[in-house]
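Per-entry structural report
Okay, here's what each chain looks like letter by letter:
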Amino acid sequence: MTDTGQRKASQTLEKYSPDENAARPAPGRGGGDPASRGRTTIADGVVEKIAGLAARDVEGVHAMGGGLARTFGAVRDRVPGGSKSVSRGVKAEVGEVQTALDLEIVVEYGVSIADVTQDVRENVITAVERMTGLEVVEVNIAVSDVKLPDEEDDEPQGRLQ
């Protein structure tokens, strides 16, 4: 064997000595913390849906979105095959580790707007942070309307009751 061949073999043996093999992970298992093996990205729409559902769960929230958005949404909901947009009235900006949200809501007449918006903010932050792991840095809420008891709903009712 030539001198070069002997050096390659000895370098290989030195590089993968039994002591080092004990510290190396098993083949096919990768190394390091599993959380550091790749990147997760979350689309704006995912955060918007989570926030929209969380906001609707709060007592005193009648609807989401401004008047025009609700009108178009009501028409879209009536189209066969159309689905209710859970992200209506929600806009999210998602970064790598943080997100900011803007919500537009309609509240029921007679409820405390300050209490409802506080409850919405808390519910949205809790849901988004729990489900996505993102830090919610702000939740801006615009109250665009108050649903009076004698007003008809913009949201369509099913034909069967």
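Everything quoted here is computed from the prediction, not taken from an experiment.

Another aspect to go through is a negative patch on the surface. A cluster of like negative charges, contributed by Asp-44, Glu-93, Asp-102 and Glu-138, occupies part of the molecular surface. Tracing the backbone through its elements, the reader meets Asp-44 in helix α3 (residues 44–56). Overall, the relative accessible area of 32% leaves Asp-44 in the partly exposed class.

Right, let's get into the pairing of strand β3 (residues 98–108). Judged from the 3 bridges that link them, strand β1 (residues 61–64) and β3 form a sheet pairing that is antiparallel. The residue of β3 that forms the bridge with Met-64 is Ile-105. With 5 bridges joining them, strand β2 (residues 90–94) and β3 adopt antiparallel strand pairing. Paired with Glu-93 across the two strands is Ala-100, which belongs to β3. Counted between consecutive antiparallel strands, the loop separating β2 from β3 contains 3 residues. Pairing geometry for β3 and strand β4 (residues 135–147), over 11 bridges, is parallel. Note on β4: the bridge partner recorded for Ile-105 is Val-143. For the handedness criterion, the β-α-β arrangement of β3, helix α5 (residues 113–132) and β4 is classed as right-handed.

Reading the values: rules and limits
Residues numbered from 1 in each chain as written. Predicted model: local features only at pLDDT ≥ 70, side-chain atom pairs only at ≥ 80, totals over all residues. Heavy atoms only, no water. Patch = residues over 30% accessible without salt bridge, like charges linked within 9 Å, V, L, I, M, F, W, Y side chains within 5 Å. Areas by Shrake-Rupley, 256 points an atom, 1.4 Å probe, with all protein chains shown as cover. Salt bridge = Lys/Arg side-chain N within 4 Å of Asp/Glu carboxyl O. Lys, Arg positive; Asp, Glu negative; His and termini not counted. Charge placed at Lys NZ, Arg CZ, Asp CG, Glu CD. Helix = DSSP H or I, 4+ residues; strand = E, 2+ residues; numbered from the N terminus. Buried < 20%, exposed > 50% of the residue type's maximum accessible area, 1.4 Å probe, protein only. Pairing = 2+ DSSP bridges. Right-handed = clockwise from strand over helix to strand, strands pointing away.

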